[in-house]
Amino acid sequence: MTIHTENKNIIHQLSANLYDLDAGMLEGQLSEVFAPDAEIHLTHPFEDLDGPAALFKEAYQPLLQAIPDLERRDYIIMAGAGKDEDLAGDWVGCAGFYTGVFEQPWLDIPPTGHPVSMRFHEFFRFEEGKVVEMQAVWDIPELMLQAKAWPLAPSLGVEWLVPGPATQDGLSIEDEAKGDSSRQLIYNMLNGLQRHKDEGVKAMGLEDYWHPKMFWYGPAGIGTNRRVIGFRNWHQIPFLKAMPDRLVVPGKGVLFGEGDYVGYTGWPGMRMTLSGDGWLGIAPSDKEITMRSLDFWRCKDGLIRENWVLIDLLHVYNQLGIDVFSRMRELTYTRQPKH
């Protein structure tokens, strides 16, 4: 059994605990998995938390009060280590969603009384069998959308319950050797993305890397796109028009592969200047921002078939001085508790 398999087994057990969730046991279960001084990096507005105790008290406990029957559904759990220029360490990456009946307010999002889902991408760095760092995006805007409390511009893509892998094998990945070729495919594709600066988007050669029936599953606020033309029209072109100078932040990311799957985590992973119009309805400000984007790809026969992407959009807006939660509270004023 390799170190990556051992680390995955630990996260598989944590996932099982969060599926059959016992609120009275969760704090202790987190303490078994995490080192006491683990670095916890969560979505805005949580930001950085100190260790598993804070993760329980400041994130999971309030979420459990809002969704008492909360359960976790993973559809990808993969593991590996970064190569060469990547951030060092042994990592496990997870994709899935939290679900349950939304009964009480959470982050001032009004409850629905119905089942809801909130996607997550969570990455865990291990040392000696313990998680020493967690980087996670919870798609909080997705919950706002389901609560009819949407404070942002309409998505260009489709908003829906994003599916897991079409092959249904994201929880049983075992071919670590094949991960190197999958990682190389993604690495080459990402390098191709840089060519737009001098030659335009068609110079990126996306058709050389992406399957004709590819799916790109973006976060709430951007949505899902199908085929290269859909990806270009509804995400890539508006994104690059607004931020043509976007660059990877050196030394902050890790790209690793296992079987047909590749994961990427960076906190932050990109830096760019919002110099143009056309992305999320945000006016250009010439302000430099960073972006937390946690991604998974599934490759098939040398092409990318599916790509799950979560971006901490609330963090983007916060850097621009826009309080999304304040606008949401105004929008749902009549549904907010009166004190």
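As a reminder, the structure under discussion sits directly above these lines.
Residues numbered from 1 in each chain as written. Predicted model: local features only at pLDDT ≥ 70, side-chain atom pairs only at ≥ 80, totals over all residues. Heavy atoms only, no water.

Engineer: Help me out: how do you make sense of the sheet that holds strand S9 (residues 247–248) in this one?
Structural biologist: Sheets are built from strands paired through backbone hydrogen bonds, the pairs being either parallel or antiparallel. Sheet architecture is open: three strands sit in the order S9-S12-S13, paired in antiparallel fashion. In the strand order of this sheet, the two ends are held by S9 and strand S13 (287–291), each with one partner. Inspection of the sheet shows S9 paired to strand S12 (residues 270–274) by two bridges, in the antiparallel sense. Bridge assignment links Val248 to a residue of S12, and that residue is Met270. (Pairing = 2+ DSSP bridges. Helix = DSSP H or I, 4+ residues; strand = E, 2+ residues; numbered from the N terminus.)

Engineer: Where do I start with the pattern of salt bridges in this structure?
Structural biologist: For the structure on display, the rule yields 13 salt bridges. A salt bridge links Arg292 to Glu47; the shortest N-O distance between them is 2.6 Å. Residue Arg292 is found in the loop between S13 and strand S14 (293–300), and its partner Glu47 is found in the loop between strand S1 (34–41) and strand S2 (48–50); the two are separated by 245 residues along the sequence. Look at Glu47 and you get partly exposed, because its relative accessible area is 21%. The partner of Glu127 in a salt bridge is Arg125, and the shortest N-O contact between them spans 3.0 Å. With relative accessibility at 46%, the residue Glu127 sits in the partly exposed group. Among the residues examined, Arg125 registers a relative accessible area of 14% and is labelled buried. Through salt bridges that share partners, Glu47, Arg292 and Asp312 make up one connected network. (Salt bridge = Lys/Arg side-chain N within 4 Å of Asp/Glu carboxyl O. Buried < 20%, exposed > 50% of the residue type's maximum accessible area, 1.4 Å probe, protein only.)

Engineer: Please explain helix H3 (residues 51–66) as it appears in this structure.
Structural biologist: Given 3.6 residues to a turn, an α-helix orients residues that are three or four positions apart in the same direction. Over its 16 residues, H3 runs 22 Å from end to end, which matches the ideal 22 Å to within 8%, given 1.5 Å per residue. Bending of H3 peaks at approximately 35° at the position of Tyr60, with proline Pro62 no more than four residues after it. Buried within H3 we find Gly51, Pro52, Ala54, Leu55, Phe56, Ala59, Tyr60, Leu63, Leu64 and Ala66. (Expected span 1.5 Å × (residues − 1). Bend = angle between axes of the 7 residues up to and from the residue.)

Engineer: Looking at this model, I keep getting lost on the packing of helix H2 (residues 23–33) against H3. Mind explaining?
Structural biologist: The relative placement of two packed helices is expressed as an angle between their axes plus a distance between the axes. At a minimum axis distance of 9 Å, the contact between H2 and H3 shows a crossing angle of 150°. One element, H2, and the other, H3, form an angle in the roughly antiparallel class. Two packed elements cross with a definite hand, and for H2 against H3 that hand is right-handed. Counting all contacts with H2, which are made through Ala23, Leu26, Glu27, Leu30 and Ser31, the residues of H3 involved are Pro52, Ala53, Leu55, Phe56, Lys57, Tyr60 and Leu64. Tallied by class, the residues present in the contact of H2 with H3 amount to nine nonpolar, one polar and two charged. (Axes fitted to C-alpha atoms, helices over the stretch in contact; angles between N-to-C directions. Parallel < 35°, antiparallel > 145°, perpendicular 65-115°, else oblique. Left-handed = near helix turned anticlockwise from the far one by under 90°. Contact = heavy atoms within 4.5 Å. Nonpolar A, V, L, I, M, F, W, Y, C, P; charged D, E, K, R; others polar.)

Engineer: What should I look at first to understand the nonpolar core in this one?
Structural biologist: Soluble globular proteins tend to bury their nonpolar side chains together. Of all hydrophobic cores here, the largest spans 89 residues; its most connected members are Ile11, Phe34, Trp106, Trp138, Ile140, Trp210 and Trp279. Of the residues forming this core, the biggest block, eight residues, is contributed by H3. With residues up to four places along the chain from it excluded, the contact list for Ile140 reads Thr43, His44, Pro45, Phe46, Trp106, Leu107, Ile109, Met118, Leu314 and Phe325. (Core = buried A, V, L, I, M, F, W, Y, C linked by side-chain atoms within 4.5 Å.)

Engineer: What am I meant to see in the environment of Ile109 here?
Structural biologist: Checked against the element boundaries, Ile109 lands in the loop between strand S4 (90–101) and strand S5 (115–127). Note on Ile109: relative accessible area 0%, which makes it buried. Between the C-alpha atom of Ile109 and that of Lys148, which follows or precedes it by 39 residues, the distance is 9.3 Å.

Engineer: Just to check I follow, could you spell out the pairing of strand S6 (residues 130–138) for this structure?
Structural biologist: Two faces belong to every sheet, and in a regular strand the side chains alternate between them. With respect to burial, S6 is a largely interior element, eight of its nine residues being buried. For S1 and S6, the ladder comprises four bridges, and the chain directions are parallel. Bridging across to S6, Glu39 finds its partner in Glu133. Examined bridge by bridge, S5 and S6 share eight bridges and lie antiparallel to one another. If you follow Phe120 over to S6, its bridge partner there is Trp138. Where S5 folds back on S6, the antiparallel hairpin that results is connected by two residues, among which Glu128 adopts a positive phi of roughly 50°.

Engineer: Help me understand the state of the cysteines, please; the structure alone is not making it clear to me.
Structural biologist: Put plainly, two cysteines are in a disulfide when a covalent bond ties their sulfur atoms together. Evaluation of the coordinates by the stated rule reveals zero disulfides. No disulfide involves Cys94; its sulfur sits 18 Å from the nearest other cysteine sulfur, which is in Cys299. Judged by its relative accessible area of 0%, Cys94 falls in the buried class. (Disulfide = S-S within 2.5 Å.)

The analysis is restricted to geometry; functional conclusions fall outside its scope.
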